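Here's the letter readout for the chains.
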Amino acid sequence: MASSSSSYSNPPCAACKFLRRKCLPGCIFAPYFPPEEPQKFANVHKIFGASNVSKLLNEILPHQREDAVNSLAYEAEARLKDPVYGCVGAISVLQRQVLHLQKELDATNADLMRYTGSDTSYPGTGFLNQMTAQFGRMGRGGGSFDPNSGYPITYPSQWNNDSNSPENGGNGSM
């Protein structure tokens with residue numbers, strides 16, 4: 001009995017426990033699927049299979065394995081939630097949300113410019129005009145407003161490499 005208790009000094013990794021096999025000292029899964037996270041391996045195994053994950057981990061460089069496992073775990077969880085689109089569906093939803101919020105921000109900034117630029121008799125508009133003039137030109141990704149015309153100047157997002165943008169030497173016109 002003493003020998004069996006010494007072999008269990010380290011609990012098996014989540015992968016070996018799930019696969020019901022002995023976790024050897026050189027187990028490829030042990031560093032990335034700790035025993036405290038059994039669902040992480042269960043999801044990855046269900047979507048990709050243990051054999052495929054093992055092959056993948058053996059083929060890539062050791063310093064890239066943790067990122068690969070995290071990507072596999074994220075994709076597996078996303079695939080379980082959305083079997084058709086997976087993480088691409090989540091990315092698409094977030095992109096649509098960003099676009100919606102961008103339009104809302106642009107509309108709010110246009111309203112702010114219209115209210116602060118047209119009615120100078122309203123108390124406090126001097127401060128708002130100063131703040132808009134100071135910070136309105138600093139907007140990036142959300143656009144800002146031309147203080148002369150009051151129309152929005154749209155800057156490209158970080159994913160859009162627009163050669164006509166002010167950051168790339170253009171004049172910012174569409």
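Note that the structure is predicted; figures quoted are calculated from it, not measured.

**Observations regarding the overall build of the chain**
When its secondary structure is counted, the chain shows 7 helices and 2 strands. When the elements of the chain are put in sequence order from the N terminus, they spell out α-α-α-α-α-α-α-β-β. When burial is assessed residue by residue, the chain has 25% of its 174 residues classed as buried. Contacts in the chain between residues at least 24 apart in sequence constitute 34% of all its contacts with a sequence separation of at least 6. Element-wise, carbon and sulfur atoms account for 57% of the exposed surface of the chain, whose accessible area totals about 12500 Å².

**Some points on unusual backbone geometry**
The phi dihedral of Arg 20 is positive, around 55°, even though this residue is not glycine. Along the chain, the position of Arg 20 falls in the loop between α2 (14-19) and α3 (38-48). On the accessibility criterion, Arg 20 (79% relative accessible area) is exposed.

**Let's talk about the nonpolar core**
By size, the foremost hydrophobic cluster in this structure holds 18 residues, and its most contacted members are Cys 13, Phe 29, Phe 33, Phe 41, Val 44, Val 53 and Leu 57. Those elements giving two or more residues to this core turn out to be α2, α3, α4 (50-59) and α5 (62-81). With 4 residues, the top contributor of residues to this core is α5. Dropping the residues within four chain positions of it, Phe 29 is found in contact with Cys 13, Ala 15, Arg 21, Phe 41, Ala 50, Val 53, Ser 54 and Leu 57.

**A word on the confidence of the model for the chain**
When pLDDT is averaged along the chain, the result is 77, and 62% of the positions lie at 70 or above. Taken together, the stretch residues 137-143 has pLDDT below 50 and engages in 18 contacts with residues farther than four places along the chain or on a different chain. Note that pLDDT drops below 50 for residues 155-162; the model gives that stretch 14 contacts with residues more than four away or on any other chain.

**A closer look at α4**
Where α4 is concerned, the buried positions are Ala 50, Val 53 and Leu 57. Taken end-on, α4 shows its buried residues confined to a sector of 65°, consistent with a single buried face. On its buried face, α4 is in contact with α2, α3 and α5.

**Observations concerning the packing of α3 against α4**
Look at α3 against α4: their axes get within 7 Å of each other, and the N-to-C directions meet at 100°. As far as their axial angle goes, α4 and α3 are roughly perpendicular. On α4, the residues that touch Phe 41, Val 44, His 45 and Phe 48 of α3 are Ala 50, Asn 52 and Val 53. Of the residues assigned to the contact of α3 with α4, the class counts are 5 nonpolar, 2 polar and no charged.

**Digging into the pattern of salt bridges**
Across all of its chains, the model carries 4 salt bridges by this definition. Lys 81 serves as the salt-bridge partner of Glu 77, at 3.4 Å between the closest nitrogen and oxygen. Linking Glu 77 with Lys 81, this pair stays in helix α5, spanning 4 residues, or about one helical turn. For Lys 81, a relative accessible area of 67% gives the class exposed. In this structure, Arg 114 and Asp 111 form a salt bridge, with 2.4 Å as the shortest nitrogen-oxygen distance.

About the cut-offs
- Residues numbered from 1 in each chain as written.
- Predicted model: local features only at pLDDT ≥ 70, side-chain atom pairs only at ≥ 80, totals over all residues.
- Heavy atoms only, no water.
- Helix = DSSP H or I, 4+ residues; strand = E, 2+ residues; numbered from the N terminus.
- Buried < 20%, exposed > 50% of the residue type's maximum accessible area, 1.4 Å probe, protein only.
- Contact = heavy atoms within 4.5 Å.
- Areas by Shrake-Rupley, 256 points an atom, 1.4 Å probe, with all protein chains shown as cover.
- Core = buried A, V, L, I, M, F, W, Y, C linked by side-chain atoms within 4.5 Å.
- pLDDT = per-residue confidence, 0-100.
- Arc of directions from axis to C-beta.
- Axes fitted to C-alpha atoms, helices over the stretch in contact; angles between N-to-C directions.
- Parallel < 35°, antiparallel > 145°, perpendicular 65-115°, else oblique.
- Nonpolar A, V, L, I, M, F, W, Y, C, P; charged D, E, K, R; others polar.
- Salt bridge = Lys/Arg side-chain N within 4 Å of Asp/Glu carboxyl O.

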